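Fold and geometry: a report
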Amino acid sequence: MGLGISRGNGTSERRDAGRVSGGRLRKALVVAGTVAAVAVVPSAAIATPGSGVTGTILAKGTSDGDLRIKPAKGDTDVTVRTITIAPGGTTGWHHHPGQVIVVVRSGTLTRTLDDCSLEVTPAGKAFIEPAGHKHRHLGRNLGTEPLVLYVSYLLPKGAPLSVDEEAPDCAQG
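Residues numbered from 1 in each chain as written. Predicted model: local features only at pLDDT ≥ 70, side-chain atom pairs only at ≥ 80, totals over all residues. Heavy atoms only, no water.

**Examining the sheet that holds strand S5 (residues 99-106)**
Pairing between the strands of a sheet comes from backbone hydrogen bonds, and it takes one of two forms, parallel or antiparallel. Taking strand neighbours across the sheet as the criterion, the four strands line up as S3-S10-S5-S8 in an open arrangement whose pairing is antiparallel. Looking along the sheet, the strands with just one partner apiece sit at the ends: strand S3 (76-85) and strand S8 (126-129). Averaged over all pairs of adjacent strands, the angle between their axes in this sheet comes to 20 degrees, without regard to strand direction. Sheet analysis places S3 next to strand S10 (residues 147-156), joined by ten bridges and oriented antiparallel. Residue Ile-85 lies in a different strand from S10, and its bridge partner there is Leu-147. (Pairing = 2+ DSSP bridges. Helix = DSSP H or I, 4+ residues; strand = E, 2+ residues; numbered from the N terminus. Axes fitted to C-alpha atoms, helices over the stretch in contact; angles between N-to-C directions.)

In structure tokens:
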């Protein structure tokens, strides 16, 4: 049996009362089913505790801007090492065949770049040295305490950590 609904304009529309309540019931069942399914499906958001794992932060540094990492093409050797430079010590002029990520753990690193400009990086800072002979540089410890660096090398497979270079013309004399 239907209901007559007056629209006020003299027409009447018939609506099945069973359909109106059936639509609401269907919607309620879909919502209830969804809630029940979510309740029984394991969630990736639920964390599980680890066991037997320890970690030590060796150094943490903050960059002064974006760090753009460009891995070597093909297989890449990843090497992580600590470098200590004594007061008055120097690395000598060199370049790296791949990018190098550096965190200054303690002391202050003073780098002379290929154009003879200086970059001074204190403890707690991080930077990336670009790859290639066009990016030769010299690292020095001008302080009175040892300079400690944590360095991660991203090098083409089999490449040396660094390659010795001649000083640029601007550094001679």
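Next, the rest of the story.
**Details of the state of the cysteines**
Evaluation of the coordinates by the stated rule reveals one disulfide. Between the sulfur atoms of Cys-116 and its disulfide partner Cys-170 the distance amounts to 1.9 Å. An S-S torsion of about 90 degrees defines the bridge between Cys-116 and Cys-170 as right-handed. In this pair, Cys-116 sits in the loop between strand S6 (108-113) and strand S7 (118-122) while Cys-170 sits in the segment after strand S11 (163-164), placing the two residues 54 residues apart along the sequence. (Disulfide = S-S within 2.5 Å.)

**As for the layout of surface pockets**
Left-over empty space is what a probe sized like a water molecule reveals as it rolls over the atoms. By volume, the largest pocket is sized at about 370 Å³. Lining the largest pocket we find 23 residues, and of these Arg-111, Leu-113, Glu-119, Phe-127 and Ile-128 sit closest to its centre. Elements with a contribution of two residues or more to the lining of the largest pocket: S6, S7 and S8. Residues of the lining of the largest pocket, tallied by class, amount to eight nonpolar, six polar and nine charged. Considering only enclosed or pocket space, the second largest pocket measures out at about 230 Å³ in volume. In terms of lining residues, the second largest pocket is bounded by 19 residues, among which Ile-83, Thr-91, His-94, His-96 and Tyr-153 are the most central. Within the residue set of the lining of the second largest pocket, elements represented by two or more residues are S3, S5, S6, S8, strand S9 (137-140) and S10. (1 Å grid on protein atoms, 1.4 Å probe; cavity = no way out; pocket = protein on both sides within 12 Å on 5 of 7 lines; lining within 4 Å. Points joined across faces, edges and corners; volume = space filled by probe spheres on them. Nonpolar A, V, L, I, M, F, W, Y, C, P; charged D, E, K, R; others polar.)

**Notes on the confidence of the model for the protein**
Per-chain confidence: the protein averages 82 in pLDDT, with 73% of residues scoring 70 or above. No element of the protein has a lower mean pLDDT than strand S1 (residues 3-6), which averages 43, and none a higher one than S6, which averages 98. Predicted confidence for residues 1-20 stays below pLDDT 50, and this span has 13 contacts to residues more than four positions away or in other chains. (pLDDT = per-residue confidence, 0-100. Contact = heavy atoms within 4.5 Å.)

**Description of the pattern of salt bridges**
With the rule as written, the count across this model stands at five salt bridges. As a salt-bridge pair, Asp-64 and Lys-125 come within 2.8 Å of each other at their nearest N and O atoms. Taken as a pair, Asp-64 in the loop between helix H1 (17-40) and S3 and Lys-125 in the loop between S7 and S8 lie far apart in primary sequence, 61 residues in all. The residue Arg-111 makes a salt bridge to Glu-119 at a minimum N-O spacing of 2.4 Å. Looking at Arg-111, the relative accessible area reads 6%, which means it is buried. Among the residues examined, Glu-119 registers a relative accessible area of 35% and is labelled partly exposed. Salt bridges sharing common partners tie together Arg-111, Glu-119 and Glu-129. (Salt bridge = Lys/Arg side-chain N within 4 Å of Asp/Glu carboxyl O. Buried < 20%, exposed > 50% of the residue type's maximum accessible area, 1.4 Å probe, protein only.)

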